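# Secondary and tertiary structure notes
Residue strings, one per chain:
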Amino acid sequence: MNLVRTSLIAACAIAAPLAMAQNTGKLKVGLMLPYTGTYAALGTAIENGFRLYVTEQGGKIGGREIEYVKVDDESDPSKATDNVNKLVKRDHVDVLVGSVHSGVAMAMAKVAKDTNTLMIVPNAGADAVTGSMCAPNIFRSSFTNWQPAYAMGEVAVKKGAKRAVTITHKYAAGDESVRGFREAFEKGGGQVMKDLSVPFPSVEFQALLTEIAALKPDVVYTFFAGGAAVKFVKDYAAAGLKKSIPLYGAGFLTDGTLDAQGADAADLLTTLHYADSLNTARDNAFRLAYAKTYKLQPDVYAVQGYDAAQILGIGTNAVKGDLNKKAEFAAAVEKTKIDSPRGPFMLSKSHNPVQDIYLRQVVGKENKMLSVASKALADPARGCKM
Ligand code: PHB
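Residues numbered from 1 in each chain as written. Predicted model: local features only at pLDDT ≥ 70, side-chain atom pairs only at ≥ 80, totals over all residues. Heavy atoms only, no water.

For the rest of this paragraph, the subject is the packing of aromatic side chains. Counted according to the given criterion, the structure contains 19 aromatic pairs. Aromatic side chains W146 and Y150 sit 4.5 Å apart centroid to centroid with 20 degrees between the ring planes, which places their arrangement in the stacked category. Of this pair, W146 and Y150 both sit in helix 5 (residues 146–158), 4 residues apart, which is roughly one turn of that helix. On the basis of relative accessibility, which here comes to 7%, the residue W146 falls in the buried class. The class for Y150 is buried, based on a relative accessible area of 9%. (Phe/Tyr/Trp six-rings, centres within 6.5 Å; stacked < 30°, edge-to-face > 60°. Helix = DSSP H or I, 4+ residues; strand = E, 2+ residues; numbered from the N terminus. Buried < 20%, exposed > 50% of the residue type's maximum accessible area, 1.4 Å probe, protein only.)

Here it is in structure tokens:
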């Protein structure tokens, strides 16, 4: 009996330094992002932003060197559970960073919650991730689908619109974005006449554009992003609608897309938590560093990737690299103002940014900030019990 106990104690003595070694060795970051498909450019911008912050810290976070393990999730929710399980169970990543697509992020959040793996969402707006699925180990550096949409509903009311048609990809992000717009628009006395959609990632818009022309709403509200946003803006103009019916969007419609959209995007109004012309010292420094490193202008996705790395840095520094200390990690992140290029923000209790939503207009190759449409807008975090 004693012998058994002694050998157990000996085994623990050996195990303890091993566990410690795991927390002082390389910090494994599992980047689960789209590198192909309609959201491919978004995934790359997020990775660029993340790496830029890490490089600015000398390649170390919380004293630990970073090792990246990358998965192309293809924005395909049906492959997401297998993909995330590989990162967690095969590669033993310390933190999951992903994804862009709401359906993929929800599958990731379920595994993160079940396995108590640290997760930082650098884009996907799925309301549930910081709503009914919220968890102490899950953080978001981006937005909820509700946030920019709700702000645009208020803008549409102020502009005097009474009747709107919505059009989006049919999946969680599009549905939630439309719901957020409707909530504010109808609260202000407007009416959504019809919700139109195409399945993700289809870009066959023609029949729906004909329907919009027949319905003659005061405004069209839309959620499209990446390659689909480029095509939608071009098709809307080609159908002759741009001249007669204002097109309002969650800002993804014109972010990272303006080179490809050209004149067809001119003057479009959108709402988002970032703009190209903030002209603050913090944003200017970020934009310069990003442009120097990647020979590209940053967009909202780059900012969210950068801030995902900042969140990891704040938490990891607080626990001196020991990511087993999840409660201390969360407490540090919760009380810190994040010095984002978008402007400083704090996370809500459900771990989603409480942030200003800007009204922007496309001028040349920029989403120019016109005003703050909604100050310190907090997602309602419906269903979050934390
Ligand atoms: C989402 O699926 O949540 C999503 C995708 C692309 C965006 C924004 C949100 O630009």
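Let's pick the thread back up.
Domain annotation of the protein chain identifies domain 1 (12–143 + 278–351) and domain 2 (146–272). For domain 1 and domain 2, the distance between their C-alpha centroids amounts to 29 Å. Regarding the contact of domain 1 and domain 2, the summed buried area is about 1300 Å², with carbon and sulfur atoms giving 59% of it. Run the count over domain 1 and domain 2 and you get 6 residue pairs in polar contact (both at pLDDT 80 or more). Those elements giving two or more residues to the side of domain 1 that touches domain 2 turn out to be helix 4 (102–115) and helix 11 (300–318). Residues of the side of domain 1 that touches domain 2, tallied by class, amount to 7 nonpolar, 5 polar and 2 charged. (Domains from an automatic or database assignment. Buried area = accessible area lost by both parts, 1.4 Å probe. Polar contact = N/O pair within 3.5 Å; in protein donor to acceptor, adjacent residues only side chain to side chain. Nonpolar A, V, L, I, M, F, W, Y, C, P; charged D, E, K, R; others polar.)

The subject of this paragraph is helix 12 (residues 326–335). The periodicity of an α-helix, 3.6 residues per turn, causes residues three or four places apart in sequence to face the same way. Listing the buried residues of helix 12 in full gives F329, A330, A332 and V333. Along the axis of helix 12, the buried residues cluster in a sector spanning 160 degrees; they form a single face. Turned more than 90 degrees away from the buried face of helix 12 sit A327 and K335, all of them exposed. On its buried side, helix 12 packs onto strand 5 (118–121), strand 6 (138–140), helix 11 and strand 12 (346–347). (Arc of directions from axis to C-beta. Contact = heavy atoms within 4.5 Å.)

This part is about the nonpolar core. Core analysis: the biggest nonpolar cluster contains 73 residues, and V29, F139, F181 and L312 have the highest contact counts within it. No other element matches helix 11, which puts 10 residues into this core. When residues of this core are sorted by domain, at least three fall in each of domain 1 (12–143 + 278–351) and domain 2 (146–272). Counting 25 residues, the second-largest nonpolar core is a separate cluster that includes V111, A112, V129 and A135. (Core = buried A, V, L, I, M, F, W, Y, C linked by side-chain atoms within 4.5 Å.)

Tallying each qualifying case throughout the model produces 20 salt bridges. Here D195 and R182 are joined by a salt bridge, their closest N and O atoms 2.4 Å apart. Taken together, the residues D195 in strand 8 (residues 191–199) and R182 in helix 6 (residues 172–187) connect sequence positions 13 residues apart. Since its relative accessible area comes to 39%, D195 is described here as partly exposed. Taken together, the salt bridges that share partners define one network made up of E47, R51 and K70. (Salt bridge = Lys/Arg side-chain N within 4 Å of Asp/Glu carboxyl O.)

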